[in-house]
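Analysis of the macromolecular model
The primary structure of each chain is shown beneath.
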Amino acid sequence: MSAEERTTETVPEWKREEVDELVDLLEKYDSVGVVSVTGIPSKQLQDMRRGLHGSAALRMSRNTLLVRALEEVDDGLEDLTQYISGEVGLVATNDNPFGLFQQLEESKTPAPINAGEVAPNDIVIPEGDTGIDPGPFVGELQQIGANARIQEGSIQVMEDSVVVEEGETVSTDVANVLTELGIEPKEVGLDLRGVYSEGVLFTPDELEIDVEEYRADIQSAAASARNLSVNAEYPTTQTAPTLIRKAQGEAKSLGLQASIESPDLADDLVSKADAQVRALASQIDDEEALPEELQDVEAPAAAAEPEAEADSEDEQSDEQEPESEADADDSDDDEDGGDGAEGLGEMFG
């Protein structure tokens, strides 16, 4: 009998059953992660488990069994074994890793900090009335570094006071004062150590992104690309309508400047000729030399120089229209090019 067979025979039945259950769990989901449960009270852990129900499954077991299950499934999940240390569990979901990370972060709750723990950030006693009657507590506040005094019949903190800096160990005195004030300086929750999904191993720093900022960056990049395409006259499904409207505007401006007779330009040519006649009539001093309908005519304020107006319109079409048209084309983008933004929204829930 081989050594491997003898080792297998010595494994208790309950351990084999436990590993089998873990393997079944891991094979049901698209994304699997390792979370730390250190320092989470049992009641809060149960609340978190219930909060994940329907979207993710949390399973804890002995670390050796978790490792064995991950290695047995293989398929890349064995990469998660590097995170199996201390008090950990497995979390499995069909959501994408970014959505899972966001959900776990939002499920964290404030909690008091105990003496001997390391401050996760600067611990501040805020300025204001503590609501505590005058007594020895003011001395306890001052002893830990808070600017406190008795004022208006109660103990007040005169300014925001940092009593423990990030990374420092919390003393017994500080922990007692914080408990008395009801300050809960740390967050308790499932800390994601790593997630394996679709062949990729994600770490928390890769998943911690500002979704709205990322969405805005994508939208800005899409708008810039659209404007570049329009300015370079490079047709795409998204920019073709804008390029056609731009070309129509330029053709109309050219037709007006060249006085090309066309049914599409007739009204504009008549308006242009009328403006030119009025501008010319306004410059003739002898009104009797003018037909009666042109006497007392003043030059149109906005059309004294029809050619200049046409030139201005043409220049706007050449220089400004791509950007403004791109903005006007947002409705088209919502139909033709909005799939990317919509997909991003689905990714992040």
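Everything below is about the structure shown above.
Quick look at the structure, then. (Residues numbered from 1 in each chain as written. Predicted model: local features only at pLDDT ≥ 70, side-chain atom pairs only at ≥ 80, totals over all residues. Heavy atoms only, no water.)

Turning our eyes to something else, we now look at a negative patch on the surface. Together, E17, D20, D24, E27 and E72 line one region of the surface with negative charge. Considering the arrangement of structural elements, one finds E27 in helix α2 (residues 13-28). Taking the relative accessible area as the measure of exposure, E27 reaches 55% and is therefore exposed. (Patch = residues over 30% accessible without salt bridge, like charges linked within 9 Å, V, L, I, M, F, W, Y side chains within 5 Å. Areas by Shrake-Rupley, 256 points an atom, 1.4 Å probe, with all protein chains shown as cover. Salt bridge = Lys/Arg side-chain N within 4 Å of Asp/Glu carboxyl O. Lys, Arg positive; Asp, Glu negative; His and termini not counted. Charge placed at Lys NZ, Arg CZ, Asp CG, Glu CD. Helix = DSSP H or I, 4+ residues; strand = E, 2+ residues; numbered from the N terminus. Buried < 20%, exposed > 50% of the residue type's maximum accessible area, 1.4 Å probe, protein only.)

With that out of the way, let us pick up the packing of α2 against helix α4 (residues 63-73). Their axes nearest at 9 Å, the elements α2 and α4 cross at an angle of 50 degrees. As summarised for this structure, α2 and α4 are arranged oblique, according to the angle between their axes. Remark: the crossing between α2 and α4 carries right-handed chirality. Contacts from W14, K15, E18, V19, D20, L22, V23, L26 and E27 in α2 reach L65, L66, R68, A69, L70, E72 and V73 in α4. Grouping the constituent residues of the contact of α2 with α4 by class yields ten nonpolar, no polar and six charged. (Axes fitted to C-alpha atoms, helices over the stretch in contact; angles between N-to-C directions. Parallel < 35°, antiparallel > 145°, perpendicular 65-115°, else oblique. Left-handed = near helix turned anticlockwise from the far one by under 90°. Contact = heavy atoms within 4.5 Å. Nonpolar A, V, L, I, M, F, W, Y, C, P; charged D, E, K, R; others polar.)

Next up on the list: the pattern of salt bridges. Scanning the model with the defined rule gives 13 salt bridges in all. Between E21 and R59 there is a salt bridge, with the nearest N and O atoms lying 3.0 Å from each other. Here the residue E21 occupies a position in helix α2, and R59 occupies one in strand β2 (residues 56-59), the gap between them amounting to 38 residues.

Right, let's get into the nonpolar core. Note on soluble globular proteins: their nonpolar side chains tend to be buried together. In terms of nonpolar packing, the biggest core is built from 21 residues, with I123, I125, L141, V163 and V170 touching the most fellow members. Those elements that provide at least two residues to this core are β5 (123-125), α6 (137-143), β8 (154-157), β9 (161-164) and α7 (172-181). The dominant element in this core, judged by the number of residues it contributes, is α7, at four residues. (Core = buried A, V, L, I, M, F, W, Y, C linked by side-chain atoms within 4.5 Å.)

Bringing helix α5 (residues 97-106) into the picture now. Residues of α5 that are buried include every one of P97, F98, G99, L100, F101 and L104, and no others. Where α5 starts, the residue carrying a side-chain oxygen 3.0 Å from the main-chain nitrogen of F98 turns out to be N96. (Polar contact = N/O pair within 3.5 Å; in protein donor to acceptor, adjacent residues only side chain to side chain.)

What follows deals with unusual backbone geometry. Unusually for a residue other than glycine, E152 sits at a positive phi of about 55 degrees. Along the polypeptide, E152 turns up in the loop between β7 (148-151) and β8. Given the relative accessible area of 72%, E152 is considered exposed. We note that E198 has phi near 50 degrees; this positive angle belongs to a residue other than glycine. Assignment of secondary structure puts E198 in the loop between β11 (191-197) and β12 (200-202).

On to the packing of helix α10 (residues 240-257) against helix α11 (residues 266-282). Where α10 meets α11, the closest approach of the two axes is 10 Å, and the angle between their N-to-C directions is 45 degrees. Judged by the angle between their axes, α10 and α11 are oblique. Note on packing geometry: the crossing formed by α10 with α11 is right-handed. For the pair formed by α10 and α11, the contact residues are K252, G255, L256 and Q257 on the first element and D268, L269 and K272 on the second. Class assignment for the residues of the contact of α10 with α11 results in two nonpolar, two polar and three charged.

A word on the layout of surface pockets. Quantified by volume, the second largest pocket comes out at close to 270 Å³. Lining the second largest pocket are 15 residues, and of these T38, K186, E187, V188 and D191 lie nearest its centre. Looking at the lining of the second largest pocket, its residues break down into five nonpolar, five polar and five charged. (1 Å grid on protein atoms, 1.4 Å probe; cavity = no way out; pocket = protein on both sides within 12 Å on 5 of 7 lines; lining within 4 Å. Points joined across faces, edges and corners; volume = space filled by probe spheres on them.)

Turning to a nonpolar patch on the surface, a few remarks are in order. A surface patch of nonpolar side chains, amounting to about 250 Å² of accessible area, comprises I209, Y214 and I218. Within the secondary structure, I209 is located in the loop between α8 (204-207) and α9 (211-231). Judged by its relative accessible area of 33%, I209 falls in the partly exposed class.

Keep in mind these numbers describe shape, not what the thing actually does.
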